[in-house]
Amino acid sequence: QMQLVESGGGLVQAGGSLRLSCAASGRTFSSYAMGWFRRAPGKEREFVAAIERSGDRTSYADSVKGRFTISRDNAKSTVYLQMNRLKPEDTAVYYCAADRTSRGVLVRASDYDYWGQGTQVIVSS
């Protein structure tokens, strides 16, 4: 069983930056593929970014490519999402997710077994 706790959300002006963190419980964090998803008000949950176990490979949604960076520190059991040049349309609850059964970079929510409670990001115009 893995528990995920997100932090780092908040209110920021358009063009600003935030760094989200997701701290994982357990001692086998390096065995999990990790991802970030978001749900905007009135919209479906959508993929944001993902990183495979070692951190060597990543994937991004087109809407965030070039602005967001996912990374992980396996020694700290933490995955990060650095968000730069934020836009009002980035406003959403951001969730991190983990999966141990699959290798590679996972972009579908259905691929993940564990989810955090989410952290709110609000970008004002």
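Everything in this summary refers to the structure shown in the same document. (Residues numbered from 1 in each chain as written. Predicted model: local features only at pLDDT ≥ 70, side-chain atom pairs only at ≥ 80, totals over all residues. Heavy atoms only, no water.)

On to the overall build of the chain, then. Assigned secondary structure in the chain consists of zero helices and 11 strands. Shown N-terminal to C-terminal, the secondary structure of the chain runs as helices and strands in the order β-β-β-β-β-β-β-β-β-β-β. Whereas a compact globule of 125 residues would reach a radius of gyration of roughly 14 Å, the chain reaches 13 Å, a difference of no more than 12%. Summarising its shape, the C-alpha atoms of the chain cover approximately 40 × 25 × 25 Å along the three principal directions. Each of the 125 residues in the chain was classed as buried or not, and the buried ones make up 46%. Counting only contacts in the chain whose residues sit at least 6 apart along the sequence, the fraction spanning at least 24 positions is 60%. (Helix = DSSP H or I, 4+ residues; strand = E, 2+ residues; numbered from the N terminus. Rg over C-alpha atoms; globule rule 2.2 N^0.38 Å. Buried < 20%, exposed > 50% of the residue type's maximum accessible area, 1.4 Å probe, protein only. Contact = heavy atoms within 4.5 Å.)

Here we take up the sheet that holds strand 7 (residues 68-73). Sheet architecture is open: four strands sit in the order 1-3-8-7, paired in antiparallel fashion. The outermost strands of the open sheet, each flanked by one partner alone, are strand 1 (4-7) and strand 7. For this sheet, the mean angle separating the axes of adjacent strands, direction not counted, is 15°. Across six bridges, strand 7 lies against strand 8 (residues 78-83) in antiparallel orientation. (Pairing = 2+ DSSP bridges. Axes fitted to C-alpha atoms, helices over the stretch in contact; angles between N-to-C directions.)

Turning our eyes to something else, we now look at the state of the cysteines. Overall, the coordinates contain one disulfide when judged by the stated rule. A disulfide bridge connects Cys 22 with Cys 96, and the sulfur atoms are separated by 1.9 Å. Negative torsions about the S-S bond denote left-handed disulfides, and the value of about 40° found for Cys 22 with Cys 96 makes this one right-handed. Separated by 74 residues along the polypeptide, Cys 22 in strand 3 (residues 18-24) and Cys 96 in strand 9 (residues 92-99) bring together distant segments of the chain. A residue is classified by how much of its surface remains accessible, and Cys 22, at 0% relative accessible area, is buried. (Disulfide = S-S within 2.5 Å.)

Here the focus is the pattern of salt bridges. Counting across every chain of the model gives five salt bridges. Asp 90 is the partner of Arg 38 in a salt bridge, and the nearest nitrogen-oxygen pair spans 2.9 Å. Pair noted here: Arg 38 is in strand 4 (residues 33-39) and Asp 90 is in the loop between strand 8 and strand 9, with a separation of 52 residues, a long-range link. The exposure class of Arg 38 is buried, given its relative accessible area of 5%. Judged by its relative accessible area of 1%, Asp 90 is buried. (Salt bridge = Lys/Arg side-chain N within 4 Å of Asp/Glu carboxyl O.)

Before going further, it helps to examine the packing of aromatic side chains. Overall, the coordinates contain five aromatic pairs when judged by the stated rule. Consider the rings of Phe 37 and Phe 47, whose centres lie 5.7 Å apart with planes at 70°: the pair is edge-to-face. Note that Phe 37 is positioned in strand 4 and Phe 47 in strand 5 (residues 45-51), a separation of 10 residues in sequence. Like Phe 37, the residue Phe 47 is buried in the burial classification. When the centroid spacing of 6.1 Å and the interplanar angle of 65° are considered together, the rings of Tyr 112 and Trp 115 count as edge-to-face. On the basis of relative accessibility, which here comes to 5%, the residue Tyr 112 falls in the buried class. One aromatic cluster is present, built from ring pairs that chain together Phe 37, Phe 47, Tyr 112 and Trp 115. Lying across the ring of Trp 115, Arg 45 places its NZ or CZ 4.4 Å from the centre. (Phe/Tyr/Trp six-rings, centres within 6.5 Å; stacked < 30°, edge-to-face > 60°. Lys NZ or Arg CZ within 6 Å of the ring centre and 35° of its normal.)

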